[in-house]
Amino acid sequence: MIIVILLHEIGHLISGKILHYKLIAFKASLLTWEKANRGFHFSLKQGFIDGFCSMIPTKKSLKIRNVIIFTLSGVCMNLITGVCFFLLGMSIESLSHLKIFSYFLGIFSLLSVLINVYPCLTNGEPNDGLTVCNIIKSKSYACKFQEYQSIMLQLDKGCRVKDLALPIQCSKIIDHLDIYFFLLAYYREVEKKGVGEGSIIIKEIENALILHPELKNEKYVYEIIVFHLINKKQGLVDKYGDFFTLLEEDYHDRNPMTLRVKAYFSWYIQENKEKTLEYIEKALSLNTELFYLGERKIEQSFINDLKNRI
């Protein structure tokens with residue numbers, strides 16, 4: 001299974017390099033290779049049967065056809081290698097471990113093709129099949145996807161969220177791109193007016209997660225929790241009790257955003273100053289590990305705000 005996942009992500013990586021995309025992070029099973037402040041670093045992360053290859057286009061390669069090629073390249077790699085594994089198994093006459101292993105890899109490779117081609121959302125994000133289907137079916141979605149990639153490019157270069165031109169002219173959230181744009185709009189309010197602002201936007205995100213539960217992702221829920229904590233709305237925070245258990249999981253402890261949420265939770269709910277300061281210092285030390293420079297700046301704003309409150 002690890003080999004199949006690795007080949008799938010290598011397919012994305014190869015096409016991304018051909019299309020002049022910039023590598024941000026690569027994960028195959030437990031092994032993760034991420035962009036950090038001073039280059040890349042390897043780490044082990046939870047998730048034995050998942051993987052991703054996060055890449056962003058350069059300004060010259062910002063084209064929809066490139067998105068389709070990049071998105072389908074992982075499936076194509078699994079299809080090609082799956083057939084090759086079956087042919088290898090057929091070429092081995094005697095029933096050996098190598099023959100069985102080749103057939104095993106061939107079966108899992110073709111299963112990976114079916115899983116990734118079937119359109120669906122996973123943790124609020126579309127898989128390869130759903131991404132391509134949405135782009136082909138909807139011109140507006142294709143345009144939004146281009147705007148999303150353009151924003152990622154700007155954040156990578158260090159553009160502050162408050163300086164981004166965000167495409168949130170629509171009055172409602174209907175897909176994963178819309179809700180991410182609204183999240184950035186919330187961050188823009190925070191950068192312009194201060195932590196605790198942006199109530200209208202947070203309400204829109206909260207309502208969207210009720211109407212479209214398939215879009216629920218911890219990053220949106222955590223921001224809602226932090227907003228209600230800052231504004232001392234305990235009753236609204238209690239609605240998200242199920243997510244508090246995620247805050248205690250060890251694998252999140254290298255994520256500055258989650259550490260920041262833990263710090264706010266420790267200060268406002270547990271009233272534990274020592275623990276809060278511990279989370280703050282850890283979040284500050286790991287802030288440079290966020291993929292995009294623009295994201296680091298908004299995290300810094302939240303962390304410094306809590307530090308000043310204490």
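Here we look at the pattern of salt bridges
Enumeration over the complete set of coordinates arrives at eleven salt bridges. Across the pair Glu 125 and Lys 219 runs a salt bridge, and its minimum N-O distance is 3.8 Å. Of this pair, Glu 125 sits in strand β6 (residues 125-126) while Lys 219 sits in helix α8 (residues 218-230); the two residues are 94 residues apart in sequence, bridging distant segments of the chain. You can call Lys 219 partly exposed: its relative accessible area is 23%. One salt bridge connects Asp 175 with Lys 144, and the closest N-O pair in it is separated by 2.7 Å. Highlighted residues: Asp 175 in the loop between α5 (139-156) and α6 (176-193) and Lys 144 in helix α5, separated in sequence by 31 residues. Each member of the pair, Asp 175 together with Lys 144, is buried.

Overview of the environment of Glu 214
Among the structural elements, Glu 214 can be located in the loop between α7 (199-211) and α8. C-alpha of Glu 214 to C-alpha of His 176: the two residues are 38 residues apart in sequence and 9.2 Å apart in space. Apart from residues lying up to four places away in sequence, Glu 214 is in contact with Leu 121 and Gly 124.

Section: the packing of helix α2 (residues 64-91) against helix α3 (residues 97-117)
Packed helix pairs are specified by the crossing angle of their axes together with the interaxial distance, meaning the distance between the axes. Axis separation between α2 and α3 bottoms out at 8 Å; the angle between their running directions is 155°. By the angle between their axes, α2 is roughly antiparallel relative to α3. When you trace α2 past α3, the crossing you get is left-handed. Contacts between α2 and α3 involve Val 75, Asn 78, Leu 79, Thr 81, Gly 82, Phe 85, Phe 86, Leu 88, Gly 89 and Met 90 on the former and, on the latter, Lys 99, Ser 102, Tyr 103, Leu 105, Gly 106, Ile 107, Ser 109, Leu 110, Ser 112, Val 113, Asn 116 and Val 117.

A few points about α8
Each α-helix winds once per 3.6 residues, and so residues spaced three or four apart point in a common direction. For α8, built from 13 residues, the straight-helix expectation of 18 Å at 1.5 Å per residue is met to within 8% by its first-to-last C-alpha distance of 18 Å. Burial runs high along α8: eleven of the 13 residues are buried. For α8, the N-terminal cap is Asn 217; the gap from its side-chain oxygen to the backbone nitrogen of Lys 219 is 3.0 Å. Looking one or two residues past α8, Lys 232 carries a phi angle of roughly 55°, positive in sign.

What counts and what doesn't
Residues numbered from 1 in each chain as written. Predicted model: local features only at pLDDT ≥ 70, side-chain atom pairs only at ≥ 80, totals over all residues. Heavy atoms only, no water. Salt bridge = Lys/Arg side-chain N within 4 Å of Asp/Glu carboxyl O. Helix = DSSP H or I, 4+ residues; strand = E, 2+ residues; numbered from the N terminus. Buried < 20%, exposed > 50% of the residue type's maximum accessible area, 1.4 Å probe, protein only. Contact = heavy atoms within 4.5 Å. Axes fitted to C-alpha atoms, helices over the stretch in contact; angles between N-to-C directions. Parallel < 35°, antiparallel > 145°, perpendicular 65-115°, else oblique. Left-handed = near helix turned anticlockwise from the far one by under 90°. Expected span 1.5 Å × (residues − 1). Polar contact = N/O pair within 3.5 Å; in protein donor to acceptor, adjacent residues only side chain to side chain.

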